[in-house]
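Summary of structural features
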Amino acid sequence: MELQVTRWKRYGHDRLYANLSDGTAAGWADVRTGDITVLRAEYRDDVIAVLTRHLQNLTKLVPSDRAPEAEARPMLPPLTPAYDLAVNPPGQSLRDLLAEFGPGLMERVVSRLLRRPTEWDSWRKGLAGERRVGAELNRLGGHGWRVLHSIPLANKVDIDHLLIGPGGVFSINTKHHHKKTVWVGDDSVKVDHGKPAPYARKSRAEAKRVVRVLERYCDFPVPVEPVLVFVGVTELKVVATQLSVRVYQERQVAALAPLSGVLTSDQVEQVYSIARHRQAWAQA
């Protein structure tokens, strides 16, 4: 079993973590004392062997009287399947809403017969849009990007998608407007020439929430850009000159693939390991 070892220095602690290939912690060692804690019993021998080797390779142990770091940061508990957001498929939050509050068979039949639009129709359309955008984003994995879907925040809202890679972090908001025209100005969006919608403002606010969460646990700046992706539209016209939100149609998100130079590969892995942890977002 090949385990990846990373060093964490947080809140006065200095530890070596032995992680599985998916980022799950299998065990950790205290650099100061040399004590090893096994978190996954089935990997006990491998954990002890790899951490012992890395402890021996360190030039010296950190002195026990070392002062706490100037900027104390919290630590997340070891990642477990119950906390792992990497398993969420696109649209998971909307699927949960439909499962809990969606209509029964008779309600669906009556709505169809009366051709009466319902809130459930909006949820289903949103779910279809998130699935389509999620499929496009998942294709970026071959370019060094990591993708998360349906990240739950406080107050029963969520982030549709989070893209993490060498070009930085992108908070992606999906809008499904089937066979509609969309006009995007500097600070407003109009669908079929209707009333201005606050999509851009909400996307910027969402990106700021992501920054607060990630930089709470990272010891380096984490730039986060907001992105609006429109699904199913017949025309997308962007006339903005000072818009701080990226705007794409679903097939255009591939334009993010070649971006680089913002995060190192180690930083990408660290940000991803934090972002996939449900508890990191509990109070976001």
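Residues numbered from 1 in each chain as written. Predicted model: local features only at pLDDT ≥ 70, side-chain atom pairs only at ≥ 80, totals over all residues. Heavy atoms only, no water.

1. Details of the overall build of the protein chain
Of the regular secondary structure elements, the protein chain holds 6 helices and 12 strands. Within the protein chain, the proportion of its 284 residues that are buried is 43%. In the protein chain, the share of contacts with a sequence separation of at least 24, taken over all contacts with a separation of at least 6, comes to 60%. Per element, the accessible surface of the protein chain, about 15,600 Å² overall, is 50% carbon and sulfur. (Helix = DSSP H or I, 4+ residues; strand = E, 2+ residues; numbered from the N terminus. Buried < 20%, exposed > 50% of the residue type's maximum accessible area, 1.4 Å probe, protein only. Contact = heavy atoms within 4.5 Å. Areas by Shrake-Rupley, 256 points an atom, 1.4 Å probe, with all protein chains shown as cover.)

2. Notes on the packing of aromatic side chains
Summed over the entire model, instances satisfying the criterion amount to 4 aromatic pairs. When the ring of W145 is compared with that of F170, the centres are 5.9 Å apart and the planes differ by 50°; the resulting orientation is tilted. Here F170 lies in strand β7 (residues 168-176) and W145 lies in the loop between α4 (119-138) and β5 (146-152), a separation of 25 residues in the sequence. Classification of F170 by relative accessible area gives buried; the value is 0%. (Phe/Tyr/Trp six-rings, centres within 6.5 Å; stacked < 30°, edge-to-face > 60°.)

3. Quick word on unusual backbone geometry
A positive phi angle is found at S150, which is not glycine, with a value near 50°. Checked against the element boundaries, S150 lands in strand β5.

4. Side note on the sheet that holds strand β12 (residues 246-249)
Pairing is mixed across the open sheet formed by 5 strands, whose spatial order is β5-β6-β7-β10-β12. Here the strands that pair on one side only, and so sit at the sheet edges, are β5 and β12. Neighbour-to-neighbour, the strand axes of this sheet turn through a mean angle of 30°, independent of strand direction. (Pairing = 2+ DSSP bridges. Axes fitted to C-alpha atoms, helices over the stretch in contact; angles between N-to-C directions.)

5. Here's the deal with the confidence of the model for the protein chain
Mean pLDDT over the protein chain: 84, with 86% of residues reaching 70 or higher. Across residues 59-70, where pLDDT falls below 50, the model places 13 contacts with residues more than four positions away in sequence or in other chains. (pLDDT = per-residue confidence, 0-100.)

6. Some points on the side chain of S188
Examined against the element boundaries, S188 turns out to sit in the loop between β8 (181-184) and β9 (189-191). Excluding residues that lie within four positions of it along the chain, S188 makes contacts with W183, P196 and A197.

7. Digging into the pairing of strand β2 (residues 13-19)
The buried fraction of β2 amounts to 6 of the 7 residues, a majority that puts the element mostly inside the structure. Taken together, the 5 bridges between β2 and strand β3 (residues 25-30) define a ladder with antiparallel strand orientation. Within β3, the position partnered with R15 by the bridge is D30. Counting the residues between successive antiparallel strands, the hairpin from β2 to β3 contains 5 residues, one of them, G23, with a positive phi of roughly 95°.

8. Digging into the sheet that holds β8
Strands sit in the order β9-β8-β11 across an open sheet of 3 strands; the sheet is mixed. Either end of the sheet is taken by a strand with one partner, and the two such strands are β9 and β11 (235-238). Within the sheet, the average angular offset between the axes of one strand and its neighbour, ignoring direction, is 10°. With 4 bridges connecting them, β8 and β11 associate as parallel partners.

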